[in-house]
Amino acid sequence: MAKYSDKKELLRKVIVALDVDSKQRALDLGQALAGSGCWVKVGLELYALTGLSLIEEFKQMGFKIFLDLKLHDIPNTVERTLKLLVRSGVDMVNVHCSGGYEMLARAAEVCHQAEKTIIGVTVLTSLGSEDLITIGMDGNAEQQALRLAKLAQKAGLDGVVASAQEAPILRQECGPDFLLVTPGIRPAWSAKDDQVRVLTPRKALDAGSSYLVVGRPITMAANPREALENLWD
Ligand code: C5P
């Protein structure tokens, strides 16, 4: 942790998941967190509610924005959709690695032309070994995550979303510059909610995470700004 001694630098590695069902609530959270250095993540729920309009409002508040739509379709559809999404103020977008090499390569090209970061979803952490077998995989989530991360890297993506518990092997195999964006983060003082395999922010960074995705410990706190600033306690 020595290299992250500066708190501001730590906050730039936090992506706050704005999983809320009201535009006003999202804006209130934005106002509470503005100026801290953290990113915000707009996921499917908020996108369904507000489209890209909120993206511009967060941009004006000074946030970097991760648009987490996890695109998964044929290469042509993903490419054309990304061409539209990257016109907005987003900084980072994502696709499912299991869309295959051509989809990933075309997605990477569109995003890099627009100077946006693109990452791939490996294996959803909601899927256990038995779930993986039911969808035709061999049940080893770590091996599957590694296989997909390598494919994403070969296709030119900047990194992947993965469990922080997979971060050490992915960091080792994909090198120091490959982004590892990890959800399932819980500071010692917070409830686990429905996350099972959790790591504290410090442990996740030590495991090799580049960005920590944190939702409810911040968004459900009585004082979200204080919760953000206290993640490292
Ligand atoms: O509230 P919490 O910190 O659990 O939120 C985690 C965020 O990360 C949510 O937006 C969730 O959808 C997302 N996520 C996850 N596990 C994954 C991928 C994304 O928890 N494997």
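Our structure's up above, just so we're on the same page.
For the structure given in this document, a descriptive report is provided here. (Residues numbered from 1 in each chain as written. Predicted model: local features only at pLDDT ≥ 70, side-chain atom pairs only at ≥ 80, totals over all residues. Heavy atoms only, no water.)

1. Brief notes about the packing of helix 5 (residues 75-85) against helix 6 (residues 101-113)
One way to put it is that helix 5 packs onto helix 6 with a least axis distance of 9 Å and a crossing angle of 15°. Considered as vectors, helix 5 and helix 6 are oriented roughly parallel to each other. Where helix 5 crosses over helix 6, the two elements pack in a sense that is right-handed. For the pair formed by helix 5 and helix 6, the contact residues are Pro75, Asn76, Val78, Glu79, Leu82 and Lys83 on the first element and Glu102, Met103, Arg106, Ala107, Val110 and Cys111 on the second. Class assignment of the residues belonging to the contact of helix 5 with helix 6 gives a composition of 7 nonpolar, 1 polar and 4 charged. (Axes fitted to C-alpha atoms, helices over the stretch in contact; angles between N-to-C directions. Helix = DSSP H or I, 4+ residues; strand = E, 2+ residues; numbered from the N terminus. Parallel < 35°, antiparallel > 145°, perpendicular 65-115°, else oblique. Left-handed = near helix turned anticlockwise from the far one by under 90°. Contact = heavy atoms within 4.5 Å. Nonpolar A, V, L, I, M, F, W, Y, C, P; charged D, E, K, R; others polar.)

2. Side note on the site of the ligand
Every residue close to the ligand is listed here: Ala17, Asp19, Lys41, Thr125, Pro183, Arg186, Gln195, Val213, Val214, Gly215, Arg216 and Pro217. Separating an oxygen atom of the ligand from a side-chain N or O atom of lysine 41 is a distance of 2.9 Å. Interatomic distance of 2.7 Å between a backbone N/O atom of glycine 215 and an oxygen atom of the ligand. In isolation the ligand exposes 470 Å². Once the protein is present, 82% of that is buried. Of all the secondary structure elements, the ones that give two or more residues to the shell around the ligand are strand 8 (211-214) and helix 11 (216-219). (Near = heavy atom within 4 Å. Polar contact = N/O pair within 3.5 Å; in protein donor to acceptor, adjacent residues only side chain to side chain. Areas by Shrake-Rupley, 256 points an atom, 1.4 Å probe, with all protein chains shown as cover.)

3. Notes on the pattern of salt bridges
Evaluation of the coordinates by the stated rule reveals 13 salt bridges. When the shortest N-O distance is used, the salt bridge between glutamate 57 and lysine 23 registers 3.6 Å. Taken together, the residues span a long stretch of sequence, with glutamate 57 in helix 4 (residues 53-60) and lysine 23 in helix 2 (residues 23-33) at a distance of 34 residues. Judged by its relative accessible area of 31%, glutamate 57 falls in the partly exposed class. As a salt-bridge pair, arginine 216 and aspartate 193 come within 3.8 Å of each other at their nearest N and O atoms. Taken together, the residues arginine 216 in helix 11 and aspartate 193 in the loop between strand 7 (179-182) and helix 10 (201-207) connect sequence positions 23 residues apart. Among the ionic contacts, a cluster of salt bridges with common partners joins Glu79, Lys83, Glu102 and Arg106. (Salt bridge = Lys/Arg side-chain N within 4 Å of Asp/Glu carboxyl O. Buried < 20%, exposed > 50% of the residue type's maximum accessible area, 1.4 Å probe, protein only.)

4. Let's talk about the pairing of strand 2 (residues 39-43)
When you tally the buried positions in strand 2, you get 5 out of 5 residues, the bulk of the element. Along strand 2, one buried face is formed by Trp39, Lys41 and Gly43 and the opposite face, lined by Val40 and Val42, is buried too. Relative to strand 2, strand 1 (residues 14-17) runs parallel, the two sharing 3 bridges. By the bridge assignment, isoleucine 15 is partnered in strand 2 with tryptophan 39. As for the winding sense of the linkage, the β-α-β connection from strand 1 through helix 2 to strand 2 is right-handed. The pairing of strand 2 with strand 3 (residues 65-71) spans 4 bridges and is parallel. Counted as the bridge partner of valine 42 is leucine 67 from strand 3. (Pairing = 2+ DSSP bridges. Right-handed = clockwise from strand over helix to strand, strands pointing away.)

5. Focus: the sheet that holds strand 8
Strand order around the closed barrel formed by 8 strands is 1-2-3-4-5-6-7-8, with parallel pairing between neighbours. Here the strands of the sheet are splayed against their neighbours by 25° on average, with no regard to which way each runs. Bridge analysis of strand 6 (residues 159-161) against strand 7 gives 3 bridges, and the strand direction is parallel. Pairing of valine 160 across the sheet is with leucine 180, part of strand 7. Contacts from helix 4 reach strand 2 and strand 3, with the element oriented near 155° to strand 3. With respect to the sheet, helix 5 is in contact with strand 3, strand 4 (92-96) and strand 5 (117-121), its orientation differing from that of strand 3 by roughly 160°.

Fair warning: the whole summary comes from geometry, so function is off the table for now.
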